[in-house]
Amino acid sequence: MKKLVLVAVAFMTLMGVNAQSLKEAKQLLDEVSSKVESYDNIIIEFKYALENTADNVKHETRGDVSLEGEKYLLNIMGTTRLFDGEKLYTIIPEDEEINISSYNPQVDQDISPSKMLTFYNNGYKSELGPVKDFKGRKIQYVRLTPINSNAEIKEILLGIDKQTKHIYNLIQTQENGTKVTITVNSFKTNQPLPQTLFNFKEDRYKDYYINRLD
C-alpha cells in the first residue's frame, strides 16, 4: 500500500510539473509574439544549416529577410522571394526566371518568412526545454510538437533570448532525420524602409522568362 501511495504522489507531482511547464512555455511564447507584433518592421540576417547524417548531407548558407506585416523580401541561396500581400514572386537570376503565384493560406501550410516569428501560435503543443548560455546570452528553449501526428516535422526547438524576448534560433527535426537550424545573426526593428521595397518592378527584368502560375 505504501508503494502505491508513493507512486501516486510521484505521478501527481510529475503532472503538476508538466502543467507548470506548459503554462510557462505558453506565457513565454505569448510574450515573444506580442513583442514581434509591436514592431512596424523587422530586418533579420541569419544562418541556415541543413544536415542529414544518414544521407551524408550538410549544407550551410546565409540569408536576410525584411518583414512588414504579411509582406516580406527574402534573399537566400541566390534566389529572391518577394510577397507583396497578394502575389508571391520567386526571382531566380541564375536561370533568368521569375515565378509568380497567388498566396493561398488554406493550401500553403509551410512556415513562410512572414510567419517565422509567430508560426508557433497554431498547430503545436509546447513545453519548456533547457536553458543554454551562448556568449553570455541566456537562451530558453521551448519544445514544439506538431498536433498533427502525420506532420513531416518531428519537433522544433525554439531558442528565445530571455532578456530581449527575441528568437535566437530554431532547430527543426523532421521524421526522416533531417535537421534544419536557423540562427539569427542580426535582428533590427523599426527601420526606415523604402515605400516600394515590397513592390515587384517587372520592367527591371526585361530579359527574364516570367512564369505566371495562376
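Here the structure is shown first, and the text comes after it.
*Asks:* For this particular structure, what's the right way to read the nonpolar core?
*Replies:* In globular proteins that are soluble, nonpolar side chains generally tend to be buried together. Core analysis: the biggest nonpolar cluster contains 32 residues, and Ile-44, Val-65, Leu-117, Phe-119, Tyr-120, Leu-144 and Leu-158 have the highest contact counts within it. Looking at this core, the elements with two or more residues in it are helix 1 (2-37), strand 1 (42-52), strand 2 (57-68), strand 3 (71-76), strand 8 (137-146), strand 9 (153-161), strand 10 (167-174) and strand 11 (179-189). Counting residues per element, this core draws most heavily on helix 1, which supplies five residues. Counting ten residues, the second-largest nonpolar core is a separate cluster that includes Tyr-89, Ile-91, Ile-100 and Tyr-205.

*Asks:* Can you walk me through the packing of aromatic side chains in this structure?
*Replies:* We describe a pair of aromatic rings using the distance from one ring centre to the other and the angle between the two ring planes. This structure, assessed with the given rule, holds eight aromatic pairs. Taken together, a centroid distance of 5.8 Å and an interplanar angle of 35° make the contact between Tyr-72 and Phe-83 tilted. Of this pair, Tyr-72 sits in strand 3 while Phe-83 sits in strand 4 (residues 79-83); the two residues are eleven residues apart in sequence, bridging distant segments of the chain. A relative accessible area of 4% means that Tyr-72 is categorised as buried. Overall, Phe-83 belongs to the buried group, its relative accessible area being 4%. Here the aromatic rings of Phe-200 and Tyr-205 are separated by 5.7 Å at their centres, their planes lie at 5°, and the arrangement is stacked. With respect to class, Phe-200 is no different from Tyr-205; both count as buried. Among the aromatic residues, those joined into a cluster by ring pairs are Tyr-89, Phe-200, Tyr-205 and Tyr-208. A cation over a ring is seen here: Lys-132 above Tyr-141, with NZ or CZ 5.7 Å from the ring centre.

*Asks:* Explain the sheet that holds strand 10 to me, please; I cannot follow it from the model alone.
*Replies:* Strand pairs in the sheet, formed through backbone hydrogen bonds, run parallel or antiparallel to each other. Within the open sheet, the twelve strands sit side by side as 7-8-9-10-11-1-2-3-4-5-6-12. Their pairing is mixed. Taken across any chain shown, the strands that pair with only one partner, and hence form the sheet edges, are strand 7 (124-134) and strand 12 (209-212). Across the sheet, the mean angle separating the axes of adjacent strands is 15° when strand polarity is ignored.

*Asks:* Any chance you could explain the side chain of Asn-41 here in plain terms?
*Replies:* Structurally, the position occupied by Asn-41 is in the loop between helix 1 and strand 1. A residue is classified by how much of its surface remains accessible, and Asn-41, at 6% relative accessible area, is buried. A polar side-chain atom of Asn-41 sits 2.8 Å from the main-chain amide nitrogen of Gln-191.

*Asks:* What's the story with the pairing of strand 1 in this structure? I'm lost.
*Replies:* Two faces belong to every sheet, and in a regular strand the side chains alternate between them. Pairing of strand 1 with strand 2, which is carried by eleven bridges, proceeds in the antiparallel orientation. Bridging across to strand 2, Leu-50 finds its partner in His-59. Hairpin remark: strand 1 followed by strand 2, antiparallel, with four residues in the connecting loop; positive phi at Asn-56, about 55°. In terms of strand pairing, strand 1 meets strand 11 through ten bridges, oriented antiparallel. Residue pairing for strand 11: Lys-47 is matched across the bridge by Thr-183.

Cut-offs applied
- Residues numbered from 1 in each chain as written.
- Predicted model: local features only at pLDDT ≥ 70, side-chain atom pairs only at ≥ 80, totals over all residues.
- Heavy atoms only, no water.
- Core = buried A, V, L, I, M, F, W, Y, C linked by side-chain atoms within 4.5 Å.
- Buried < 20%, exposed > 50% of the residue type's maximum accessible area, 1.4 Å probe, protein only.
- Helix = DSSP H or I, 4+ residues; strand = E, 2+ residues; numbered from the N terminus.
- Phe/Tyr/Trp six-rings, centres within 6.5 Å; stacked < 30°, edge-to-face > 60°.
- Lys NZ or Arg CZ within 6 Å of the ring centre and 35° of its normal.
- Pairing = 2+ DSSP bridges.
- Axes fitted to C-alpha atoms, helices over the stretch in contact; angles between N-to-C directions.
- Polar contact = N/O pair within 3.5 Å; in protein donor to acceptor, adjacent residues only side chain to side chain.

In short, the description is geometric, and any link to function would need to be established separately.
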